[in-house]
Amino acid sequence: MTRAIGMNRRAALLGIGAALSLPKAAMARAACTPKMSLGAHAASAGVTFGCSIGVDALDDPAYMALVQREARILTTDLAFKLPFINPDRGRFDFARADRLVAFAQVNEIPLRAHTLFWDLANPEWVTRLSPRDRAYEMDRIVDTILDRYRGRIHSWDVVNEPFWPGFGEPGGFRRGAWYDAMGEAYVMHAFKRAAAADPSARLVLNCDMSERDDDLGRSIRVSILRLVERMQDAGCKVDAVGLQGHLDPSLPFDPGAFTAFLAKLAERNVEIYITELDVLDTALPRDIRARDAAVARQYAIFLAAVLEVPSVTVVATWQLADGKSWYRSDWYRSVMPDLPPDWRARPLPFDDRLQGKPARDAMANAFCRAGRKRGE
Ligand code: XIL
């Protein structure tokens, strides 16, 4: 209940109207009909559904019509990443971020800013600094960016993908420019600085790979729980844990174990956001019908597990239609050289013609079922 109140207060602060401020029970009473948007289906379960978005989408009216119909929250894709917003030391380029923030404000849709610190993908200039200068720049980044967008951002992914146990660091941390300069303290330092820069900001720790039920995924779950506990013990505000949800059907997934992990996180009194949901389809059948069915099944299984836990308040896909997926990008091809040249990924709920796929129906059903259950 306190969670719903928190969301409503935030919605009021952002000037967001009825959709977000309806009490949970009233939302849950709305019956599902097949024509309802994913946003409406999710709302019936008390969940805010959305997707990530790039500035390029703003110039694509057909796509934007789909986004505005379906999504009730947006996440920035590249616009806030340091190589874009802070490309050189001391030089900030707010052009992309400004456009997305303005769009969100005009359309009264909450916007999640992704991401301040991501040790996997630092701009080159950061890696060249001394540890002391990195700490200085961390503060400047937080202060400059949070100050500019104060009160206009739903939530900040303060740190992204902090764990990679393969490095063998204590706590399972990923190595990179920020970790190497400050050790694991970089995470808390960033969160504390962000809380000071904008006390009303909702702060998120965004993590990858916790979904996979193998040694790697399981050890990341342990790392997440440990870090959240340490942050809270140190009085460091962390409002939500983001779990990306880049699902890969070739990896094991154990719904019961994942729900149990979410329940443990919920006990720490943090909200849980599913932040980057999609389904990698490279190991699935080539036949489109069979592939779409398998992708839909993956969404159904995952969402059924996730929606068991009421602390899951946001579910967002990484982009919304296949044509905009990062799995279709030149960048993805460059890191996956073995991908057949004619492979066209179909990881999202809408296809190239912006029509709903079986994955959309699977998501709608999962939300609807959860809504009925939560309303009982
Ligand atoms: C991806 C972007 O969508 C791509 O365009 C980019 O080239 C690589 O990064 N986890 C994250 C996101 O947290 O920031 C990533 O986004 C996808 C994986």
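Criteria and thresholds
Residues numbered from 1 in each chain as written. Predicted model: local features only at pLDDT ≥ 70, side-chain atom pairs only at ≥ 80, totals over all residues. Heavy atoms only, no water. Helix = DSSP H or I, 4+ residues; strand = E, 2+ residues; numbered from the N terminus. Rg over C-alpha atoms; globule rule 2.2 N^0.38 Å. Buried < 20%, exposed > 50% of the residue type's maximum accessible area, 1.4 Å probe, protein only. Phe/Tyr/Trp six-rings, centres within 6.5 Å; stacked < 30°, edge-to-face > 60°. Lys NZ or Arg CZ within 6 Å of the ring centre and 35° of its normal. Contact = heavy atoms within 4.5 Å. pLDDT = per-residue confidence, 0-100. Salt bridge = Lys/Arg side-chain N within 4 Å of Asp/Glu carboxyl O. Pairing = 2+ DSSP bridges. Disulfide = S-S within 2.5 Å.

If you had to explain the overall build of the protein to someone new, which residues and values would you point to?
For the protein, the count of helices and strands is 16 helices and 9 strands. In terms of overall dimensions, the protein is globule-like: its C-alpha atoms have a radius of gyration of 20 Å, near the 21 Å expected for 376 residues. Seen through its principal axes, the protein has C-alpha atoms that stretch 55 × 50 × 40 Å. When each of the 376 residues of the protein is scored for burial, the buried share is 55%.

So what about the packing of aromatic side chains? Which residues, and what values?
Working definition: an aromatic ring pair is given by the centre-to-centre distance plus the angle between the planes. The full count for this structure, using the stated rule, is 17 aromatic pairs. Summarising the aromatic geometry, the rings of Phe94 and Tyr149 are spaced 6.0 Å apart at their centres and angled 75° between planes, so their arrangement reads as edge-to-face. Within this pair, whereas Phe94 is found in the loop between helix H6 (82–85) and helix H7 (95–106), its partner Tyr149 is found in the loop between helix H9 (131–148) and strand E4 (155–160), the two being separated by 55 residues in sequence. The exposure class of Tyr149 is buried, given its relative accessible area of 1%. Ring geometry for Phe163 against Phe173: centres 5.1 Å apart, planes inclined by 55°, an arrangement best described as tilted. Note that Phe163 is positioned in the loop between E4 and helix H10 (177–182) and Phe173 in the loop between E4 and H10, a separation of 10 residues in sequence. Phe173 carries the same exposure label as Phe163, and that label is buried. Connected via pairs of aromatic rings, a cluster forms that spans Phe80, Phe92, Phe94, Tyr149 and Trp156. A cation over an aromatic ring shows up here: Arg291 above the ring of Trp343, its NZ or CZ 4.2 Å from the ring centre. We note Lys324 situated over the ring of Tyr63; from NZ or CZ to the ring centre the distance is 4.8 Å.

Kindly report on the environment of Gly356, identifying the contributing residues and their values.
For Gly356, the location among the structural elements is in the loop between helix H15 (330–335) and helix H16 (358–375). Taking C-alpha positions, Gly356 is 25 Å from Leu339, a pair spaced 17 residues apart along the chain. Not counting chain neighbours up to four residues away, the residues in contact with Gly356 comprise Pro349 and Phe350.

Before we move on, could you go through the confidence of the model for the protein and cite the residues and values that matter?
Per-residue pLDDT for the protein has a mean of 93; in total, 92% of the residues score no lower than 70. Low pLDDT, under 50, characterises residues 1–29; the predicted model gives this stretch 43 contacts beyond four residues in sequence or across chains.

Run through the pattern of salt bridges, naming residues and quoting values.
Taken as a whole and assessed by the stated rule, the structure comprises 36 salt bridges. Of the charged contacts in the structure, one is a salt bridge between Arg96 and Asp93, with a shortest N-O distance of 3.9 Å. What makes Arg96 partly exposed here is its relative accessible area of 30%. Residue Asp93 is classed as partly exposed on the basis of its relative accessible area of 25%. Of the charged contacts in the structure, one is a salt bridge between Arg140 and Glu137, with a shortest N-O distance of 2.8 Å. Of this pair, Arg140 and Glu137 are both found in helix H9, 3 residues apart, which corresponds to roughly one turn of the helix. According to the relative accessible area criterion, Arg140 is partly exposed, its value standing at 27%. Looking at Glu137, the relative accessible area reads 0%, which means it is buried. Linked by salt bridges that have partners in common, Arg89, Asp133, Glu137 and Arg140 make up one network.

With reference to specific residues and values, describe the pairing of E4.
Among the 6 residues in E4, 6 count as buried, and that is most of the element. Bridge count between strand E3 (residues 111–118) and E4: 5 bridges; the pairing is parallel. In the sheet register, Ala113 faces E4, and the bridge partner there is Trp156. Both E4 and strand E5 (residues 203–207) contribute to a ladder of 4 bridges, which runs parallel. Counterpart to Asn160 in the pairing with E5 is Asn206.

I'd love a proper account of the state of the cysteines, names of residues and values included.
Throughout the structure, instances matching the rule amount to 1 disulfide. Bridging Cys32 to Cys368, the disulfide has an S-S length of 2.1 Å. Because the sign of the S-S torsion sets the handedness, a value of about 130° for the bond joining Cys32 and Cys368 places this disulfide among the right-handed ones. Pair noted here: Cys32 is in the loop between helix H3 (24–29) and helix H4 (38–43) and Cys368 is in helix H16, with a separation of 336 residues, a long-range link. With relative accessibility at 25%, the residue Cys32 sits in the partly exposed group. You can call Cys368 buried: its relative accessible area is 11%. The cysteine Cys51 is free of any disulfide, with Cys32 supplying the nearest cysteine sulfur at 20 Å.

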